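# Residue-level structural notes
So the chains spell out like this:
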Amino acid sequence: MNISSEAFVLGCSAIGAGLALIAGIGPGVGQGYAAGQGAAAVGRNPGAKGDIMSTMLLGQAVAETTGLYGLVIGLILLYANPLFAKL
Amino acid sequence: MGMIQAPMLAAASGNDVDFMVHGLIPLNFFGHKVWITTTHVTTLIVMLFIMALALIARRSIMKDYEKPSGLANAVELVVEMLDKLVKSTMGKHWKPFANYIGSIMFFIFIANTSGLFGLRAPTADYGTTLSLALITFVMIQYSAFKTRKFRMFTDLFQPIPVLFPVNVIGEFATPVSLSLRLFGNIMAGTIMLSLWYGLLPIFAKLGLPAFLHVYFDLFSGAIQTFVFAMLTMTFIADKRNA
């Protein structure tokens with residue numbers, strides 16, 4: 001079976017993009033844990049809801065960064081593939 | 001993205017899936033070809049919108065200076081909320097930064113929600129978010145220099161000198177993570193919506209995308225605006241109050 005090198009790079013890039021998005025597991029678990037702890041904190045001290053909310057959102061946004069690195073790598077592999085320049 | 005354009009994968013599967021930045025007018029700049037892109041145009045539209053909003057608000061404030069009414073009250077409310085937020089996050093050095101935080105919050109929020117009006121959000125271009133993050137980076141380093149003077153450089157060797165490379169990478173990772181966070185979120189929303197509009201049959205495009213717009217443009221846009229401003233304030237206050 002003959003596969004052209006472009007098709008091979010394209011296919012492997014698509015698989016790589018899919019694998020890169022496995023990075024989404026970590027932020028999912030982390031954000032869920034933060035939200036759970038936030039809910040518990042509001043239950044314990046309903047008066048501090050505003051502070052808890054903003055702290056929780058900030059922490060979740062920072063935790064999200066690792067997942068976004070995976071997303072950006074996936075996007076680069078699909079739409080601005082640097083490997084094509086090396087063919 | 002200024003890299004080599006690979007053949008677009010999505011173009012092969014759908015009929016008109018399109019969410020890339022397009023060049024409109026080529027310019028010759030010292031022998032390099034640079035493009036006026038859709039991002040420039042949408043940024044200009046956002047800027048004009050904010051300017052119009054500011055002028056209308058100014059007129060309303062000037063008109064009813066004695067007893068404010070209508071829009072003047074709303075603007076006052078927004079400014080007061082902003083001042084309170086900046087004050088509670090940044091501590092005693094909040095005053096010079098309130099204007100900057102207000103400006104970037106307005107710009108990022110209106111840029112993020114411009115997807116609602118059929119524009120391609122300017123913040124879905126890495127150039128926009130990176131420049132916003134670089135402004136923050138310069139402000140962080142300037143604040144560090146202002147409080148720590150030349151101890152700022154010896155701080156990089158704390159707590160043990162071996163950690164110097166890690167500390168330097170940590171300083172430069174701040175703008176990268178700040179810009180990629182905003183870019184990734186808005187770009188993900190742009191891609192999702194253009195896939196929905198490009199690949200599904202006509203009856204799925206009526207009504208249903210409204211929910212996607214509410215989540216990806218409004219909710220995600222507002223959260224990312226808040227997060228960008230909060231992180232900017234936290235980083236600056238960290239160096240400023242050190």
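Keep in mind it's a predicted model, so treat the numbers as computed, not measured.

Think of two packed helices as two axes; the pair is described by the angle between the axes and how far apart they sit. All names here are of chain A. Here helix H1 (residues 5-20) crosses helix H3 (residues 49-79) at 170°, and the two axes come no closer than 8 Å. As far as their axial angle goes, H3 and H1 are roughly antiparallel. For the pair formed by H1 and H3, the contact residues are Ser-13, Ala-14, Gly-16, Ala-17 and Ala-20 on the first element and Gly-70, Ile-73, Gly-74, Leu-77 and Leu-78 on the second. The residue makeup of the contact of H1 with H3, split by class, is six nonpolar, four polar and no charged.

We now examine the UniProt feature "transmembrane region" (unreviewed entry) in chain B. Residues and elements named next belong to chain B. Sites flagged by UniProt as "transmembrane region" (unreviewed entry) map to residues 34-57, 97-120, 126-145, 182-204 and 210-237. Annotated as 83% helix and 17% strand, the span residues 34-57 places its first and last C-alpha atoms 37 Å apart. Annotated as residues 182-204, this span is 78% helix and 0% strand, and its ends, taken at the C-alpha atoms, are 28 Å apart.

Residues and elements named next belong to chain B. Scanning the model with the defined rule gives two salt bridges over all chains in all. Here Arg-148 ties to Asp-155 by a salt bridge, and the two come within 2.9 Å at their closest N and O atoms. Taking the relative accessible area as the measure of exposure, Arg-148 reaches 23% and is therefore partly exposed. Given a relative accessible area of 29%, Asp-155 falls into the partly exposed group. A salt bridge links Lys-239 to Glu-171, with the shortest nitrogen-to-oxygen separation between them at 3.0 Å. A residue pair is termed long-range when its members are at least 10 positions apart, and Lys-239 in helix H8 (residues 209-240) and Glu-171 in helix H7 (residues 164-199) qualify at 68 residues.

Conventions we followed
- Residues numbered from 1 in each chain as written.
- Chains lettered and ligands numbered in written order.
- Predicted model: local features only at pLDDT ≥ 70, side-chain atom pairs only at ≥ 80, totals over all residues.
- Heavy atoms only, no water.
- Axes fitted to C-alpha atoms, helices over the stretch in contact; angles between N-to-C directions.
- Helix = DSSP H or I, 4+ residues; strand = E, 2+ residues; numbered from the N terminus.
- Parallel < 35°, antiparallel > 145°, perpendicular 65-115°, else oblique.
- Contact = heavy atoms within 4.5 Å.
- Nonpolar A, V, L, I, M, F, W, Y, C, P; charged D, E, K, R; others polar.
- UniProt positions renumbered as here; feature names shortened; annotations may be inferred.
- Salt bridge = Lys/Arg side-chain N within 4 Å of Asp/Glu carboxyl O.
- Buried < 20%, exposed > 50% of the residue type's maximum accessible area, 1.4 Å probe, protein only.

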